[in-house]
Amino acid sequence: MDEIRDELDQQPVKLSDEELLSLVRHNVRRRILLTVGGEGRINASSLKQKLGISTGSLYYNLRQLTPLIAQDRKRVYYLTDDGKRVYRILTEQTEDAVSLQRGEGFLSKLGNIVFPVWLYAPIYESKVVASVLGGLSLFVLLFVLIAGRHNIFLLNITRMNRISILDILLETVFTILLSYLILTLISIIMSGRVRNISFLWSQFKAGGARGFAREQMKFISTLLVSFLPLGLLPGINIIDRIFTLGILESGGIIFRDAVLVLSQTITVILLGAAVAYGKKVRWQTGLAVALAYFYLSHGLGLFLR
């Protein structure tokens, strides 16, 4: 492992240490890189067939490998110069690569369970899907919050005595935008990219302002989808009022807190996947970013209460 780290440090690859080591450790990405490098040029369907993985997993991991694998106008994948350097390192370090592959098994399987890659892959593959799914998620969330008489601030959900549609709309939009800024900042810090500003700047110049804006809008769309579970408590409140079931009254504060914890837990998991997919970091880092966001949200909620 140290031998691979030393060789990577000697290569002029403009990637952070974490991204390179994530590539070396991750079984699926390593197989993708080795397959593309071995074939020279290969399309997505052939690559999927050779690897025997799902479409969502393929596109998710190809996105993580963007600096190392490129796609031409015919949608055929090939290794970039940086990709060829890493490919050479992997093929030369056979014994270390095998030992890393064995160690990755459990984490790779756990990541596949935690990460709903099938949910976010379509958003990043199509601008139409990103726009429609993001807009629909925002509409559903606003409808449930208004009808259920609740508002949100980050991950905090509070009940409103008086309904103000404008206030709920503004607070929800503010929550999404603030969450975008917080998650982006924490992901940069935790991934170590704050020490590699030149790489971030080169990525921005390569994609252009328009490409950068598209990527951010897609990330915001994934956040909107991730916040949908927060509508669980307001949704139960709607059903409770319509059918006069008395669920919330009979269950009391314990039931409300249990529902709130469940909805926040699901949201944190989805946010972790969204960060990992959108910010191209390991799933462990994405989950750590989401947990840091959760604690920050809880702290701000207590402070502002």
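Residues numbered from 1 in each chain as written. Predicted model: local features only at pLDDT ≥ 70, side-chain atom pairs only at ≥ 80, totals over all residues. Heavy atoms only, no water.

Peer 1: Help me understand the pattern of salt bridges in this model?
Peer 2: Between side chains of opposite charge, a pair can form when the charged atoms approach closely. Evaluation of the coordinates by the stated rule reveals 3 salt bridges. Where D72 meets R41, a salt bridge forms, and the shortest distance between an N and an O atom there is 2.7 Å. Residue D72 is located in the loop between β2 (69–71) and β3 (76–79), and its partner R41 is located in the loop between α3 (27–39) and β1 (42–43); the two are separated by 31 residues in the primary sequence. For R41, a relative accessible area of 48% corresponds to the partly exposed category. (Salt bridge = Lys/Arg side-chain N within 4 Å of Asp/Glu carboxyl O. Helix = DSSP H or I, 4+ residues; strand = E, 2+ residues; numbered from the N terminus. Buried < 20%, exposed > 50% of the residue type's maximum accessible area, 1.4 Å probe, protein only.)

Peer 1: Honestly, the packing of α3 against helix α5 (residues 55–64) in this entry has me stumped. Any pointers?
Peer 2: For any two helices packed against each other, the geometry comes down to the angle between their axes and how far apart the axes lie. In the contact formed by α3 and α5, the axes pass within 10 Å of each other and the chain directions differ by 80 degrees. Accordingly, the angle class assigned to the pair α3 and α5 is roughly perpendicular. Residue-level contacts link V28, R29 and I32 of α3 to S57, L58, Y60, N61, L62 and Q64 of α5. In terms of residue class, the contact of α3 with α5 is built from 5 nonpolar, 3 polar and 1 charged. (Axes fitted to C-alpha atoms, helices over the stretch in contact; angles between N-to-C directions. Parallel < 35°, antiparallel > 145°, perpendicular 65-115°, else oblique. Contact = heavy atoms within 4.5 Å. Nonpolar A, V, L, I, M, F, W, Y, C, P; charged D, E, K, R; others polar.)

Peer 1: Would you take a moment to explain helix α14 (residues 283–304) for this structure?
Peer 2: One turn of the α-helix equals 3.6 residues, which is why residues spaced by three or four share an orientation. For α14, built from 22 residues, the straight-helix expectation of 32 Å at 1.5 Å per residue is met to within 8% by its first-to-last C-alpha distance of 31 Å. Considered for burial, the residues of α14 that qualify are W283, T285, G286, V289, A290, Y293, S297 and G301. For α14, the angular spread of the buried residues around the axis is 155 degrees, confining them to a single face. Pointing more than 90 degrees away from the buried face of α14 are the exposed residues Y295 and F303. (Expected span 1.5 Å × (residues − 1). Arc of directions from axis to C-beta.)

Peer 1: Honestly, helix α9 (residues 127–148) in this entry has me stumped. Any pointers?
Peer 2: With 22 residues, α9 ought to run about 32 Å at 1.5 Å a step, and its terminal C-alpha atoms sit 31 Å apart, in line with that. Just beyond α9, the residue with positive phi is R149, at close to 60 degrees.

Peer 1: Please clarify how the nonpolar core should be interpreted in this entry.
Peer 2: Where a protein is soluble and globular, its nonpolar side chains tend to be buried together. Grouped together as the largest cluster of nonpolar side chains are 60 residues, with contacts concentrated most on I32, I69 and Y120. For this core, the leading source of residues is helix α13 (residues 247–279), giving 9 residues. Once residues lying within four places of it in the same chain are set aside, the contact partners of I32 are L47, L51, L58, N61, L62, L65 and I69. (Core = buried A, V, L, I, M, F, W, Y, C linked by side-chain atoms within 4.5 Å.)

Peer 1: What is the right way to look at the pairing of strand β5 (residues 156–159) in this model?
Peer 2: As a general feature of sheets, a regular strand has side chains that alternate between the two faces. The sheet contact formed by strand β4 (residues 150–153) and β5 spans 4 bridges and is antiparallel. By the bridge assignment for β5, F153 is matched with N156. (Pairing = 2+ DSSP bridges.)

Peer 1: For this particular structure, what's the right way to read the sheet that holds β1?
Peer 2: Sheets are built from strands that pair by backbone hydrogen bonding, the pairs being arranged parallel or antiparallel. The strand order β1-β3-β2 describes an open sheet built from 3 strands, whose pairing is antiparallel. For this open sheet the edge positions go to β1 and β2, each flanked by a neighbour on one side alone. Where β2 and β3 come together, 3 bridges link them in antiparallel fashion. Pairing of A70 across the sheet is with Y78, part of β3. Across the face of the sheet, α3 comes into contact with β1, β2 and β3 while running at roughly 95 degrees to β3.

Peer 1: Teacher, can you tell me more about a nonpolar patch on the surface here?
Peer 2: On the surface, a nonpolar cluster with roughly 480 Å² of combined accessible area is contributed by L136, F139, V140, F143 and L228. With respect to the secondary-structure elements, F143 resides in helix α9. The class of F143 is exposed, set by a relative accessible area of 52%. (Patch = residues over 30% accessible without salt bridge, like charges linked within 9 Å, V, L, I, M, F, W, Y side chains within 5 Å. Areas by Shrake-Rupley, 256 points an atom, 1.4 Å probe, with all protein chains shown as cover.)

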